[in-house]
Amino acid sequence: MKIISFGATDPGKKRSNNEDAYLLNNNLFLYAVADGIGGNEGGEVASRIAMETLAKAMPDFLGETDKTPPSGIFHKGDRRTQALGQVIALSNRNIRQEQSQNPALAGMGTTLTTLLLRKGQAFLAQIGDSRAYLLRSGKFKQLTIDHSFVAEQIAAGILTHEQARSSPYRHVITRALGIDEEVQADFTAHKAHKDDRFLLCTDGLTEMVGDAEIGNILAEAPPELAVRKLLSTANDKGGVDNITAVVVWITEV
């Protein structure tokens with residue numbers, strides 16, 4: 001599999017700090033975005049811990065190093081999905097351990113959306129409201145479901161998508177790393193095709209820029225230019241939050 005990828009983050013126009021983080025690891029074919037939550041810079045710490053844990057632990061969980069993988073991860077299910085589940089649990093544990101050692105970080109957490117490419121397949125893991133999208137054959141679609149209060153209201157028919165965009169509760173997420181002792185993530189697997197373009201992004205992008213415009217930008221430019229255009233467009237429309245985007249283009253399966 002051959003890919004071209006690019007990622008970037010921007011604090012936006014309203015915030016001085018950036019609680020977003022991203023991972024771009026072409027050696028592991030591992031990509032992720034995270035949007036931290038929590039005051040006193042806790043969000044920045046939580047998202048950074050999640051990215052560092054992914055990068056350091058995934059080779060062991062995948063069994064691709066000389067180290068012995070943790071017991072039990074191959075007992076059931078696909079081992080790539082199992083590995084993602086294990087590394088998410090470890091990230092949650094590491095964030096909570098940091099909280100216990102530093103009371104100023106109490107209540108910090110982070111969203112996490114991760115893409116792992118292996119042998120013609122794309123494995124996604126997600127918790128929170130950072131999203132994964134796919135552009136394939138001109139069709140752009142969201143692959144993840146937001147873990148948020150307004151997403152639940154939309155699913156229940158209480159709110160429309162347009163109403164949700166202006167809801168005062170649109171930033172309330174229902175799942176995140178670091179909040180509870182046990183973490184529940186969503187996992188999906190997709191067959192990868194040549195010319196697929198995956199986008200991972202935080203809500204600083206999707207709150208400012210609609211899906212149709214995001215899809216058009218992704219279709220019209222290679223990854224680096226697309227990411228830079230996405231960030232600048234979000235800022236041009238107000239940039240009310242930190243903005244992060246990672247684009248992965250599969251040029252050969």
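Please read these numbers as outputs of a predicted model, since none were measured by experiment. (Residues numbered from 1 in each chain as written. Predicted model: local features only at pLDDT ≥ 70, side-chain atom pairs only at ≥ 80, totals over all residues. Heavy atoms only, no water.)

Novice: So, the overall build of the protein chain: which residues are in play, and what are the values?
Specialist: From N to C terminus, the protein chain includes seven helices and 11 strands. Looking at the protein chain as a whole, 50% of its 253 residues are labelled buried. With an accessible surface of roughly 11,900 Å², the protein chain has 48% of that area assigned to carbon and sulfur atoms. Each charge class in the protein chain was averaged separately, 27 positive and 31 negative side chains, and the resulting centres sit 6 Å apart. (Helix = DSSP H or I, 4+ residues; strand = E, 2+ residues; numbered from the N terminus. Buried < 20%, exposed > 50% of the residue type's maximum accessible area, 1.4 Å probe, protein only. Areas by Shrake-Rupley, 256 points an atom, 1.4 Å probe, with all protein chains shown as cover. Lys, Arg positive; Asp, Glu negative; His and termini not counted. Charge placed at Lys NZ, Arg CZ, Asp CG, Glu CD.)

Novice: Which residues make up the pattern of salt bridges, and what are the values?
Specialist: Applying the stated criterion across every chain, the model contains 10 salt bridges. Arginine 48 is the salt-bridge partner of glutamate 52, the closest N and O atoms lying 3.4 Å from each other. One end of the pair is glutamate 52 and the other is arginine 48, both in helix H1 (residues 42-62) and four residues apart, which spans about a single turn. Residue classification places glutamate 52 among the partly exposed positions, given a relative accessible area of 34%. Taking relative accessible area as the criterion, arginine 48 reaches 40% and is therefore assigned partly exposed. Arginine 131 serves as the salt-bridge partner of aspartate 211, at 3.9 Å between the closest nitrogen and oxygen. Of this pair, aspartate 211 sits in helix H6 (residues 211-220) while arginine 131 sits in strand E7 (residues 131-136); the two residues are 80 residues apart in sequence, bridging distant segments of the chain. Given a relative accessible area of 17%, arginine 131 falls into the buried group. Within this structure, Arg131, Asp146 and Asp211 form a network of salt bridges that share partners. (Salt bridge = Lys/Arg side-chain N within 4 Å of Asp/Glu carboxyl O.)

Novice: An account of the pairing of strand E10 (residues 197-201) is needed here, citing residue identities and associated values.
Specialist: In terms of burial, E10 is a largely internal element, five of the five residues being buried. Side chains of E10 alternate between two faces, with Arg197, Leu199 and Cys201 and Phe198 and Leu200 buried alike. Taken together, the five bridges between E7 and E10 define a ladder with antiparallel strand orientation. Each bridged residue has a counterpart across the sheet, and for alanine 132 the counterpart in E10 is leucine 200. (Pairing = 2+ DSSP bridges.)

Novice: Describe the sheet that holds strand E11 (residues 243-252), and please don't skip the residues or the numbers.
Specialist: The strand order across the open sheet formed by five strands is E1-E11-E10-E7-E8, and the pairing between neighbours is antiparallel. Both edges of this open sheet fall to strand E1 (2-10) and strand E8 (139-142), since each of them pairs with a single strand only. The sheet shows a mean angle of 15° between the axes of neighbouring strands, direction not considered. One ladder, built from nine bridges, connects E1 with E11; its direction is antiparallel. Bridge pairing in E11 places isoleucine 3 opposite isoleucine 250. Sitting on the sheet, helix H7 (residues 223-236) is in contact with E1, E10 and E11, with an inclination near 25° to E1. (Axes fitted to C-alpha atoms, helices over the stretch in contact; angles between N-to-C directions. Contact = heavy atoms within 4.5 Å.)

Novice: How would you summarise the packing of aromatic side chains if you had to cite specific residues and measurements?
Specialist: Taken as a whole and judged by the stated rule, the model has one aromatic pair. Aromatic pair tyrosine 133 and phenylalanine 140: ring centres 4.7 Å apart, planes at 10°, arrangement stacked. Over the ring of tryptophan 249 we find arginine 197, and its NZ or CZ is 4.2 Å from the ring centre. (Phe/Tyr/Trp six-rings, centres within 6.5 Å; stacked < 30°, edge-to-face > 60°. Lys NZ or Arg CZ within 6 Å of the ring centre and 35° of its normal.)

Novice: How would you sum up H7? Please name residues and give values.
Specialist: The terminal C-alpha atoms of H7, which comprises 14 residues, lie 20 Å apart, in line with the 20 Å expected from a rise of 1.5 Å per residue. Among the residues making up H7, those that are buried are Pro223, Ala226, Val227, Leu230, Leu231, Thr233, Ala234 and Asn235. (Expected span 1.5 Å × (residues − 1).)

Novice: Which residues make up the packing of H1 against helix H2 (residues 79-101), and what are the values?
Specialist: Where H1 meets H2, the axes come as close as 8 Å, and the angle between the chain directions of the two elements is 140°. Classified by the angle their axes make, H1 and H2 are oblique. Of the two possible hands of crossing, H1 and H2 adopt the one that is right-handed. In contact with Val45, Ala46, Ile49, Ala50, Thr53, Leu54, Ala57, Met58, Phe61 and Leu62 of H1, H2 contributes Arg79, Arg80, Ala83, Leu84, Gln86, Val87, Leu90, Ser91, Asn94, Ile95 and Glu98. Of the residues that constitute the contact of H1 with H2, the class distribution is 14 nonpolar, four polar and three charged. (Parallel < 35°, antiparallel > 145°, perpendicular 65-115°, else oblique. Left-handed = near helix turned anticlockwise from the far one by under 90°. Nonpolar A, V, L, I, M, F, W, Y, C, P; charged D, E, K, R; others polar.)

Novice: Any details on the confidence of the model for the protein chain? Residues and values, ideally.
Specialist: Per-residue confidence for the protein chain gives a mean pLDDT of 92; residues scoring 70 or more make up 94%. Note on residues 66-75: pLDDT is under 50 here. Beyond four places in sequence and across chains, it has 13 contacts. (pLDDT = per-residue confidence, 0-100.)

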